[in-house]
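Structural features, examined
Here are the chains, one letter per residue:
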Amino acid sequence: MASYLQIADDEKGHDLDLFCVPRHYENDLDKVIIPHGLIMDRTERLARDIIRDMGGHHIVALCVLKGGYKFFADLLDYIKSLNQNSDKSVPLTVDFIRVKSYCNDKSTNKVKVIGGDELSNLSGKNVLIVEDIVETGRTMETLLSLLSECNPKMVKVVSLLVKRTPRSSGYRPDYIGFEVPDAFLVGYALDYNEYFRDLSHICILNDQAKEKYKV
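Report on the accompanying structure. Quantities reported herein were computed from a predicted structural model and do not represent experimental measurements.

Calculation notes
Residues numbered from 1 in each chain as written. Predicted model: local features only at pLDDT ≥ 70, side-chain atom pairs only at ≥ 80, totals over all residues. Heavy atoms only, no water. Helix = DSSP H or I, 4+ residues; strand = E, 2+ residues; numbered from the N terminus. Polar contact = N/O pair within 3.5 Å; in protein donor to acceptor, adjacent residues only side chain to side chain. Contact = heavy atoms within 4.5 Å. Expected span 1.5 Å × (residues − 1). Buried < 20%, exposed > 50% of the residue type's maximum accessible area, 1.4 Å probe, protein only. Arc of directions from axis to C-beta. Salt bridge = Lys/Arg side-chain N within 4 Å of Asp/Glu carboxyl O.

Okay, the side chain of His 201 next. Relative to the assigned elements, His 201 resides in the loop between β9 (185-186) and β10 (202-205). Only 3.0 Å separates the side chain of His 201 from the backbone nitrogen of His 36, close enough to count as a polar contact. Apart from residues lying up to four places away in sequence, His 201 is in contact with Phe 19, Cys 20, Val 21, Val 32, Ile 34, Pro 35, His 36, Val 186, Gly 187 and Tyr 188.

Moving on, we come to helix α2 (residues 69-85). End to end, α2 covers 24 Å across 17 residues, agreeing with the expected 24 Å (1.5 Å per residue, within 8%). Listed as buried for α2 are Phe 71, Phe 72, Asp 74, Leu 75, Leu 76, Tyr 78 and Ile 79.

A few words on helix α3 (residues 138-148). In an α-helix, one turn spans 3.6 residues; hence positions three or four apart end up facing the same way. Residues Thr 139, Met 140, Leu 143 and Leu 147 constitute the buried set of α3. Relative to the axis of α3, the buried residues are bounded by an arc of 90° and lie together on one face.

Here we come to unusual backbone geometry. With glycine set apart, most residues show a phi of negative sign, and most peptide bonds adopt trans. Omega for the peptide link from Leu 65 to Lys 66 comes to 0°, which places this bond in the cis form. Inspection of the secondary structure puts Lys 66 in the loop between β3 (59-65) and α2. Although it is not a glycine, Asn 151 sits at a positive phi angle of roughly 55°. Within the secondary structure, Asn 151 is located in the loop between α3 and β7 (154-163). Unusually for a residue other than glycine, Asn 193 sits at a positive phi of about 50°. Examined against the element boundaries, Asn 193 turns out to sit in the loop between β9 and β10.

For the rest of this paragraph, the subject is the pattern of salt bridges. Applying the stated criterion across every chain yields a total of 16 salt bridges. One salt bridge in this structure joins Arg 45 and Asp 49, with 2.9 Å as the shortest N-O distance. Of this pair, Arg 45 and Asp 49 both sit in helix α1 (residues 36-54), 4 residues apart, which is roughly one turn of that helix. Residue Arg 45 is classed as partly exposed on the basis of its relative accessible area of 38%. Between Lys 163 and Glu 135 there is a salt bridge, and its shortest N-O distance comes to 3.2 Å. Taken as a pair, Lys 163 in strand β7 and Glu 135 in the loop between β6 (126-134) and α3 lie far apart in primary sequence, 28 residues in all. This pair shows no difference in class: Lys 163 is buried, exactly as Glu 135 is. Connected via shared salt-bridge partners are Asp 9, Arg 164, Arg 172 and Glu 179.

And the structure:
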């Protein structure tokens, strides 16, 4: 069972005025639920756990775009630092895939994979899928099913967030940063219709903003 930091359902979070939040988003957010510094500390520990378990093997780190790009970049920076400063190191190459399953704040239950034709390049390789958030789990299950057809040697999944939701299929990643309440979260590259990726902290989106940025 993957270890993680649990953010409780009744977590009060932090007032926006305690942090640097872009002015254009100040009226769109309820609170900061995971400050940027805490994200970075947890990401550093995940990097250490991944090196411990997968060190010595060539790994292809597969970034799930777009939401995973910040977590992916920071995680790989920590792995690179560990490679340079510890006895155990892992050769890394990177690849990217885009997965889409949301319209506004609702899951469509239809998973669209862009770049799937390139998954065949992962045959016989050790793959680390890097995801921003696992909610129902169906997106990741679909991606893992597609990957299995390409016969990789090993597949591990790291997700910064896992949401507690009754809609979950029960799927859990191999590595988890935080387990979070069933709220719509934005920031640190998590978006709402492409907005809020430029927010450093992970915050709860308010209902007014859902209407404001609706497509």
